[in-house]
Amino acid sequence: MNLIGMVTLLAAISLEVCGQLCMKRAMHEPVKGIIAALGRVYADHWLQAGIAAFVIEAIFWTWTLYLLPLNIAFPMGSLCFAGVAVGAAYFLHEPVSRVRWLGIAMILLGVGLLGMRL
Amino acid sequence: MIPQSGHKVRLLLGLVLAVLLDTAVQLCWKAAEPQNSTPVGVILATMTSPWFAGVVLMMICQLFNWMMVLSLADVSLAQPITALGYVTVAAMSFWLWHETLTTVQMLGVGCILMGVVLVSRTHGSYKASGKA
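What counts and what doesn't
Residues numbered from 1 in each chain as written. Chains lettered and ligands numbered in written order. Predicted model: local features only at pLDDT ≥ 70, side-chain atom pairs only at ≥ 80, totals over all residues. Helix = DSSP H or I, 4+ residues; strand = E, 2+ residues; numbered from the N terminus. Buried ≥ 20, exposed ≤ 12 C-beta atoms within 10 Å, placed from the backbone. Contact = placed C-beta atoms within 7 Å. pLDDT = per-residue confidence, 0-100. Nonpolar A, V, L, I, M, F, W, Y, C, P; charged D, E, K, R; others polar. Core = buried A, V, L, I, M, F, W, Y, C linked by C-beta atoms within 7 Å. Axes fitted to C-alpha atoms, helices over the stretch in contact; angles between N-to-C directions. Parallel < 35°, antiparallel > 145°, perpendicular 65-115°, else oblique.

On a plain count of helices and strands, chain B comes out with seven helices and zero strands. When the helices and strands of chain B are placed in sequence order, the string is α-α-α-α-α-α-α. In chain B, which comprises 132 residues, the proportion classed as buried is 30%. Sequence-distant contacts in chain B: of pairs separated by 6 or more residues, those separated by 24 or more amount to 69%.

With that settled, the discussion passes to the confidence of the model for chain B. All names here are of chain B. A residue-level look at chain B finds 87% of positions with pLDDT of 70 or above and a mean pLDDT of 86. Taken as a whole, residues 124–132 scores under 50 in pLDDT and shows 15 contacts with residues more than four places along the chain or in a different chain. Interface confidence for the predicted complex, expressed as ipTM, amounts to 0.82; the pTM equals 0.84.

Right, let's get into the interface of chain B and chain A. A common measure of how large an interface is: the accessible area buried when the components associate. In this complex, chain B contributes 36 residues to the contact, which on the side of chain A involves 30 residues. With 12 residues, helix H6 (residues 103–119) of chain B is the single largest residue contributor to the side of chain B that touches chain A. Here the side of chain B that touches chain A is composed, by residue class, of 20 nonpolar, 11 polar and five charged.

The next thing to look at is the nonpolar core. Judged by nonpolar contacts, the single largest core of 55 residues is most densely connected at Ala73, Phe81 and Ile107 of chain A together with Tyr86 and Ile112 of chain B. Sorting elements by how many residues they give to this core places helix H1 (residues 2–26) of chain A first, with nine residues. Look past the residues within four positions of Ala73 of chain A in its chain and what remains in contact with it is Leu9, Thr64, Leu65 and Leu68 of chain A.

Residues and elements named next belong to chain A. As for its placement among the helices and strands, Ala82 is situated in helix H5 (residues 79–91). For Ala82, a count of 24 C-beta atoms within 10 Å corresponds to the buried category. Put simply, Ala82 and Asp44 are 38 residues apart on the chain and 26 Å apart in space, counted from C-alpha to C-alpha. Those residues in contact with Ala82 that lie beyond four places of it in its chain are Ile104, Ile107 and Leu108.

Viewed as axis vectors pointing N to C, helix H3 (residues 45–67) of chain A and helix H2 (residues 39–47) of chain B meet at an angle of 105 degrees, and their least axial separation amounts to 10 Å. With respect to H2 of chain B, the axis of H3 of chain A lies roughly perpendicular. Of H2 of chain B, the residues touching H3 of chain A (which contributes Ile59, Thr62, Trp63 and Tyr66 of chain A) are Pro39, Val42, Ile43 and Thr46 of chain B. Split into classes, the residues belonging to the contact of H3 of chain A with H2 of chain B amount to six nonpolar, two polar and no charged.

Below, the structure is given as structure tokens:
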């Protein structure tokens, strides 16, 4: 039962990472006020892509929670932190310190330990 | 940024609320899931469930609560604290649905907690790159 659950989980995590990166790509300058933010939703394709990613993610997360115990699926969602850090370094050229790489390694180790239960 | 003393109580309440809302969103989402269904049926049943209305409502509350928290503290301070949700979700799903909670699982959650704290230390990366 769990292989399909892992696939939907990874799809949800990938969509979360894509959504975060698209949103950050769109919001690199500060927005003043809710009206200005809504205006940008209308105008910016990166922002629209980010929101679309989050909506599709909700569908995959629903399948994931149907297939996997919450105790496994929710902590494994922390792979998003690792994915966003790697994606931000690669696509957005944000600096990633050694401490942060260590954190990513710790998250991967933790997810690996949880995966042993599957 | 160290919050001023008058803001500390609001910040603390905001962080506690953030963890509670995170946990409640996941528990309600899981509670909204049907027992046996087709792939499309799962989506329809979940998203039309009253539990899922609670999920959407709490996500909206969380958005505004999180904006308040971020106005009082750096994201590098606030974000790792929300990782406490991994502990509360594990405890609650063990209690509510008798999901397994082994030593290895707790060890895994412990590693993730430490990892999230390290990843969220944004100041480290800016100092390391000489940008700040």
